[in-house]
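Structural features, examined
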Amino acid sequence: MLRTAVLVSGGGTNLQAILDAKAAGKIPHAGISLVIASNPAAYALERAKAAGVPGCVVQKGKGEPIEAYGERLLAVLRENRIDLCVLAGFLTILPENVIRAYDHRILNIHPSLIPSFCGKGFYGLKVHEAALNYGVKVTGATVHFVNEIPDGGEIIAQRAVTIQEGDTPEILQRRVMEEAEWILLPQALEDVARKLSEEETA
Ligand code: GRF
């Protein structure tokens, strides 16, 4: 079973979806071994605790060079023998040393159908505001591998969500989570973990 770390910054509903899917036996190829928060106030740490998963905080220091922060993060990942990382609402941009060390082993969830409404500056409600302002009729969520381009790595899975009359960014954000993100991320994690396990035993 692959040892997986989930990296979080906020509420952690996507982490919860992973923990619930794991408890329901839907992620047989990955163990949720560690939750890493980018700040001590992240409610996701409480969710980890409640599920009996170890949690820790690795926060980028003010003025700390990004590569030095990456080294600290890598040390934690190595100490915990982590094979695979999932960014579930993780707001700190990962440095290149981490991306290189975990090439095709870091998944991210983005709340739009990439390549729409993604990249620098598109996070949180801004993504849904942009979709509504543009007037698209369908949006959704994307799980992709992380590379050096923000939201630019290889796409793993996507799920569409229909925009409805009267949607606000908040309503749409919630529907994208319920109808897409919370289903897509645990499934994508299992798919990637299964493929990596098969490659390792081949
Ligand atoms: C989600 O919308 C996710 O797509 C984005 O950040 C949000 C995190 O929410 N990357 P949560 O912390 O999982 O509740």
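Our subject is the structure that appears above.
Please read these numbers as outputs of a predicted model, since none were measured by experiment. Every chain is numbered independently, its residues counted from 1 as its sequence is written. Since the coordinates come from a predicted model, pLDDT governs what is reported: local features require at least 70, and pairs of side-chain atoms require 80 or more to be given and counted, while whole-chain, interface and lining totals use all residues. Each side-chain value is worked out from all heavy atoms of the structure, with water and hydrogens disregarded.

1. A look at the layout of surface pockets
Its volume calculated, the largest pocket comes out at about 940 Å³. Think of a 1 Å grid over the protein atoms and nothing else: a 1.4 Å probe that fits but is trapped marks a cavity, an open set flanked by protein within 12 Å on at least five of seven lines marks a pocket, and residues with an atom within 4 Å of a point count as lining. Taken together, 39 residues line the largest pocket, and the ones lying closest to its centre are Gly89, Phe90, Leu91, Asn108 and Tyr123. What counts as a helix is a DSSP run of H or I of at least four residues, what counts as a strand is a run of E of at least two, and both are numbered from the N terminus. Of all the secondary-structure elements, those providing two or more residues to the lining of the largest pocket are α1 (13-23), α4 (96-101), β5 (106-110), α5 (125-134) and α6 (169-201). Residues are grouped as follows: Ala, Val, Leu, Ile, Met, Phe, Trp, Tyr, Cys and Pro are nonpolar; Asp, Glu, Lys and Arg are charged; all remaining types, including Gly, are polar. In terms of residue class, the lining of the largest pocket is built from 17 nonpolar, 17 polar and five charged. Of the volumes computed, that of the second largest pocket is approximately 170 Å³. His104, Phe145, Glu154, Ile155, Ile156, Ala157, Asp191, Val192, Lys195, Leu196 and Glu199 together form the lining of the second largest pocket. Elements that contribute at least two residues to the lining of the second largest pocket include exactly β7 (155-162) and α6. Element by element, the count of residues in the lining of the second largest pocket is highest for α6, at five residues. Looking at the lining of the second largest pocket residue by residue, the classes come out as six nonpolar, one polar and four charged. Grid points are joined across faces, edges and corners, and a volume is the space filled by probe spheres set on the points.

2. Points about the sheet that holds strand β4 (residues 84-87)
Any two strands are treated as partners once DSSP identifies two or more bridges connecting them. The strand order β3-β2-β1-β4-β5-β6-β7 describes an open sheet built from seven strands, whose pairing is mixed. Unpaired on one side and paired on the other, β3 (55-57) and β7 mark the two borders of the sheet. Across the sheet, the mean angle from the axis of one strand to that of its neighbour is 20°, orientation sign disregarded. As paired elements, strand β6 (residues 138-145) and β7 share seven bridges and run antiparallel to each other. Bridging from a neighbouring strand, Val143 pairs with Ala157 of β7. Packed on one face of the sheet, α1 meets β1 (2-8), β2 (30-37), β4 and β5 and runs near 155° to β2. Only the stretch in contact is used when a helix axis is fitted, and all axes are lines through C-alpha atoms; the angle between N-to-C directions ranges over 0 to 180 degrees. Contacts are assigned to residue pairs that have any heavy atoms within 4.5 Å of one another.

3. Quick word on the nonpolar core
We define a nonpolar core as any set of buried Ala, Val, Leu, Ile, Met, Phe, Trp, Tyr and Cys residues linked to one another through side-chain atoms lying within 4.5 Å. Remark: exposure states derive from per-residue accessible area (1.4 Å probe, protein chains only) relative to the maximum for the residue type, with buried under 20%, exposed over 50%, and partly exposed in between. If you look at the biggest cluster of nonpolar residues, it comprises 38 residues, and the most contacted ones within it are Val6, Val8, Ile18, Val35 and Leu189. Tallying contributions element by element places α6 first for this core, with 10 residues. Ignoring anything within four residues of it in the chain, the contact list for Val6 reads Leu15, Ile18, Ile32, Leu34, Val35, Ile36, Val86 and Ala88. Formed by 20 residues, the second largest nonpolar core is a distinct cluster that contains Leu34, Leu77, Leu87 and Phe90.

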